[in-house]
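Spelled out, the chains give:
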Amino acid sequence: MSLLSVRDLTVKFAMRDHTVTALDNISFDLAKGERLGIVGESGAGKSITGFSLMNLLSRPGFIDAGKILFRGEDIVKMPQSRMRGIRGNRMAMIFQDPMVTLNPVLTIGQQMVETLMAHRTLSKAEAEQIAIVKLREVYIPSPEERLAQYPHELSGGMRQRIIIAIALLLDPELIIADEPTTALDVTIQADIMELLLELCQSNKVGLILITHDLGVVSQMTERTLVMYAGKIIEAGRTREIINDPQHPYTQGLINALPQQTKPGMRLKQIPGNMPSLTAIPPGCPFSPRCEYVRDHCRTTRPETVQYAHVEVACHEVSRLHQENTEEQPA
Amino acid sequence: MKDIVDDGPLLDLRQVKKRFDLDQGFLETIKWRKGRVIRERRSVHAVNNVSLKVDRGEALCVVGESGCGKSTVARLIAGLLKPNAGEIHYAGERIDDMSRRALIPLRKKMQMIFQNPYASLNSRMNIQQALEEPVRYHNPGYSRAEIRDKVAEVMTSVGVDPSWSARYPHEFSGGQRQRIAIARALTVDPEFIIADEPISALDVSIQAQVLNLMLEAKDQRGLTYLFITHDLSVVQHFGTRVAVLYLGSVCELADTATLFENPKHPYTRALLSAVPQLKDDKPNHIRLKGEIPTPINLPQGCPFASRCAYANDRCRMEQPRPVQQPDGSMVACHAVEENRMVD
Amino acid sequence: MTMTTNPAKASRWSRIWNSNMGYSFRRNPVAVVSLAIFVFITAMALLAPIIAPFNPYDPAQIDIMNSEFPPVWIDGSDAQFVFGTDDQGRDLWSTILYGTRLSLLIGLCAVMLQAFLGISIGLIAGYVGGRLDSLLMRMADIQLSFSTLMVAIIFLAVTQAMFGSETFNQYAIYFLIAVIGVAEWPQYARTVRATVLAEKKKEYVDSARVLGFGPLRIMVRHILPNSLSPIFVISTVQVANAIISEASLSFLGLGMPPSQPSLGSLISSGFDYIFSGSWWITAIPGVLLVVLVLVINLLGDWMRDVLNPKLYKG
């Protein structure tokens, strides 16, 4: 049985007099200890996916349909009181900005002890011992002293380590990390990613890594979902998606990176913008920006099909593949 | 107009320093230390003795991590800040001590593009007003029709439909706003553009659009760029030369190709190795000890010494000077100088 | 979430109606009722010369024999005086209409004066900064440490003594506007300065500076339009405060003379008769004053909720 299984999840936002669909029939599975990347640009719905998994959506967003099975139990139907027992305990979340995730008026120790004591029956001294062990696990120097410090006394990288330590406090089975390093510098980002990877591997923790950075996904995850306008448009093994993307959007995203073009030459750009959720085109959401578009793409929603090791939602994937293979020898 | 010395560099920064005082006002400087009242003024040393030259037609990229002073350099050149020491020359003229009025003619030549397209446009002005304002201000003689033509021309050149001119910034996406911000800078026909992280707030597919636009403008208008960024892949693509900044000092300055093929400064090496690579799944980066120290109390010696694997006593005591290498790059590092870095 | 698909040419009215502000207004019955009452009172006050059956300023229309008639729903009333008459025999309804007009006029003009002074000083202090900022803000602090009424009372009492009551009464309206206007500018100056300090850091200001624009242009064309929300919010509260201040001063006999009564002086003049049974001379204008100030404050509350930049991202 997979650790997490999402089935036909649809999330909507209630606007003044209508609703907009933010997530449209998302389905995916996560095995125990597996690392999954969710890639997409802003507005693709990747953060909303993360929040839905934690059942943390707040008004005006709501889960309209679908199931989120965590160890076989449906989170969507779970009462809040039971959900609180799972959240932070079996499942933990790491947010983007380490500067605002920690409560500035509580010491690191207070925050860690509080989290522990909310879920376990422990004495304060025992809780502190666990906190120190966890801080040591994330390579924080002199953890005993850190417990008495306030978040503002620590640098961004240090804070993100502490946030990871807090996420690991209760030995969760799943960590959802929403852009965990976007607010950090490159050299610090590399450190944090390495740490996260190491911890997930050694503790057999499942990881859902939400990011816009294909490089990070490529180094961190085993499988990847590519999202566009609230839909999963491509899913498969990370290696295959990076090396041989099938969906025109994924191809465009990878080809748009400056590394893929000779210095000084024109980058291969995707024209246009991600549609706003209030104006998602009928048919394939990517059709207005797609260079391989055909008439039926604009009217019919593409089904997800298995194609060349990956699952892809594109009408024209086989034609695309032929054209590309024809081009290559030339 | 003065004759412009064409053979010299377009922009020349000489030993520029900038510090920001943390304790403003007399009362804040008074402190209680070890039983005595003392006067102490703490300041952030954002830029320390930076010397850079930008030649016509090139794109100099300034890279570094947050807090390294790269944005301060941009703002010093743009005249938004005054340096505490050093000189800034533009086309042979010293500009850092000019008054605002004296700078007005220069404003037509030098423009700036900002990081956050959500904040760099005035949300209460529609696009037409935002673009007309600089044209009218710098060309008082223009007729209404001339102004309108100029605005339409610039909008077309950045790929924004002139029929959208009555819209307000909030009606546009981030990428479109950045195009409009670029258009606004181009309305005065500048020759030099300072771009402070112009694409880091944008999505990947939009970044490519904006970078392409900037490259096009470079070719068509013969622009010279000073491009501030933290993204090394963008540097490799866009820059002709790169300056790597660490704690307000230039640690390496080289041609882009040279720097990426053969980085010399230990910090540059660590920085390059930290970029997540798409197709290589073996993260093999050089781990740096600790994090960037605060620029409040600068170390006496090399600013990078506290995190450097090659640091010795000399590095901790004496600040390295930039030394020209055989391949033309300038590196400020004792270890490189002494050939101590054996891989 | 921004809507990028607005029809290009929506009329101004429908744009306002469909905007966030219009929407929240429609959804808020308190705001709708408050605005309706405020518009009604203002319209009546503005149309006073047309609506009012008598002109309280015209001595020829006043007959002392008509004094202290009760309102029509009480025995012993005279049908031509709906709300009864005051001690001088003036029709209370007409007097209230004219009085409200004066109160509103003084309130609005005083607030305009406050806003002008406060906004200019706040903009300069915030934008220029440094010593000038410290100087101006210390002035504001000093001013705020005196109560508005105290300053006004001293000023008005001195002027009254200097010019004599005859001249004072003639120019009372200007004195009131000036004193209420000058006394409360720090409210504006502080708010505007705080907004300017926040706006000044935004990149559009840097962009304007890089384009070479002068400080005046940046302040007026760029920063000021982006600082309007808090100005609107305090303006509503300040109008209510100014009306109250005017009423208090007039009640203390330092405001509008009995011959040209505002709501405050009406309440004051009726106060002498309240124990002789003629309660309506005080009570009716009193209720009107309370309602007027209340609806303005309710509107201000609503506006603060809508324009609060933390709740509403524009």
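Structure report, in brief. Bear in mind that the values here come from a model prediction, so they are computed numbers and not experimental data.

Focus: the overall build of chain A
Here's step 1: For chain A, the helix and strand inventory stands at 13 helices and twelve strands.
Here's step 2: For 330 residues, the compact-globule formula gives about 20 Å, and the C-alpha radius of gyration of chain A, at 21 Å, lands near that figure.
Here's step 3: Across its three principal directions, the C-alpha atoms of chain A cover 65 × 50 × 40 Å.
Here's step 4: Residue burial in chain A is summarised as follows: out of 330 residues, 46% are buried.
Here's step 5: By sequence separation, contacts in chain A at least 24 residues apart represent 63% of the contacts at least 6 residues apart.

Structural notes on the overall build of chain C
Here's step 1: A count of helical and extended segments in chain C gives 13 helices and zero strands.
Here's step 2: When the helices and strands of chain C are listed from N to C terminus, the series reads α-α-α-α-α-α-α-α-α-α-α-α-α.
Here's step 3: Taken along the three principal axes of its C-alpha coordinates, chain C extends 75 × 50 × 30 Å.
Here's step 4: For chain C, the residues scored as buried account for 42% of the 314 residues in total.
Here's step 5: Restricting to contacts in chain C with at least 6 residues of sequence separation, those with at least 24 account for 69%.

Comments concerning the packing of helix H3 (residues 29-46) of chain C against helix H5 (residues 92-128) of chain C
Residues and elements named next belong to chain C.
Here's step 1: Orientation of H3 relative to H5, taken along the N-to-C sense of each, is 110 degrees, at an axis distance of 8 Å. Between H3 and H5, the angle is such that the two are roughly perpendicular. Contacts between H3 and H5 involve Ile41, Thr42, Met44, Ala45 and Leu46 from the first element and Leu97, Thr100, Arg101 and Leu104 from the second.
Here's step 2: Residue composition of the contact of H3 with H5, by class: six nonpolar, two polar and one charged.

What to know about the pairing of strand S2 (residues 30-33) of chain B
All names here are of chain B.
Here's step 1: Direction of pairing for S2 relative to strand S3 (residues 36-39): antiparallel, over a ladder of four bridges. Residue Ile30 lies in a different strand from S3, and its bridge partner there is Arg39.
Here's step 2: Taken together, S2 and the strand that follows it, S3, pair antiparallel across an intervening segment of two residues, in which Lys34 is found at a positive phi of about 45 degrees.

Section: the interface of chain B and chain A
Here's step 1: Listed by partner, the interface residues are 33 residues for chain B and 35 residues for chain A.
Here's step 2: Mapped by element, the contributors of at least two residues to the side of chain B that touches chain A are helix H7 (204-221), helix H8 (232-238) and helix H10 (266-274) of chain B.
Here's step 3: For the side of chain B that touches chain A, the element with the highest residue contribution is H7(B), accounting for eight residues.
Here's step 4: In terms of residue class, the side of chain B that touches chain A is built from 14 nonpolar, 13 polar and six charged.

Quick notes on the sheet that holds strand S6 (residues 85-90) of chain B
Across a sheet, paired strands are connected by hydrogen bonds in the backbone, their directions being either parallel or antiparallel.
Residues and elements named next belong to chain B.
Here's step 1: Strands sit in the order S4-S1-S6-S7 across an open sheet of four strands; the sheet is antiparallel. Only two strands of the sheet have a single neighbouring strand rather than two, namely strand S4 (43-54) and strand S7 (93-94).
Here's step 2: Sheet analysis places strand S1 (residues 11-21) next to S4, joined by eight bridges and oriented antiparallel. Looking across to S4, one finds that Arg19 is bridged to His45.
Here's step 3: Sheet strands touched by helix H2 (residues 70-77): S1, S4 and S6. Its angle to S4, the strand with the most contacts, is close to 65 degrees.

A short note on the sheet that holds strand S3 (residues 35-39) of chain A
Residues and elements named next belong to chain A.
Here's step 1: Judged by pairing direction, the sheet is mixed, and its eight strands sit side by side in the order S6-S7-S8-S3-S9-S10-S12-S11 without closing on themselves. Bordering the open sheet on either side are strand S6 (91-94) and strand S11 (304-307), each of which pairs with just one other strand. When strand polarity is set aside, the average angle formed by the axes of neighbouring strands in this sheet is 20 degrees.
Here's step 2: As paired strands, strand S7 (residues 174-178) and strand S8 (residues 206-211) are joined by five bridges and run parallel to one another. Counted as the bridge partner of Leu174 is Gly206 from S8.

Focus: the interface of chain B and chain C
Here's step 1: Taken together, the contact pairs 19 residues of chain B with 17 residues of chain C.
Here's step 2: Only helix H3 (100-107), strand S8 (110-113) and helix H4 (127-138) of chain B provide two or more residues apiece to the side of chain B that touches chain C.
Here's step 3: A per-element tally of the side of chain B that touches chain C places H3(B) first, with three residues.

With respect to the environment of B:Glu261
Here's step 1: Looking at where B:Glu261 falls in the secondary structure, it is placed in helix H9 (residues 256-261).
Here's step 2: Through-space distance from the C-alpha of B:Glu261 to that of B:Val62 is 18 Å; in sequence the pair is 199 residues apart.

So, how was this worked out
Residues numbered from 1 in each chain as written. Chains lettered and ligands numbered in written order. Predicted model: local features only at pLDDT ≥ 70, side-chain atom pairs only at ≥ 80, totals over all residues. Helix = DSSP H or I, 4+ residues; strand = E, 2+ residues; numbered from the N terminus. Rg over C-alpha atoms; globule rule 2.2 N^0.38 Å. Buried ≥ 20, exposed ≤ 12 C-beta atoms within 10 Å, placed from the backbone. Contact = placed C-beta atoms within 7 Å. Axes fitted to C-alpha atoms, helices over the stretch in contact; angles between N-to-C directions. Parallel < 35°, antiparallel > 145°, perpendicular 65-115°, else oblique. Nonpolar A, V, L, I, M, F, W, Y, C, P; charged D, E, K, R; others polar. Pairing = 2+ DSSP bridges.

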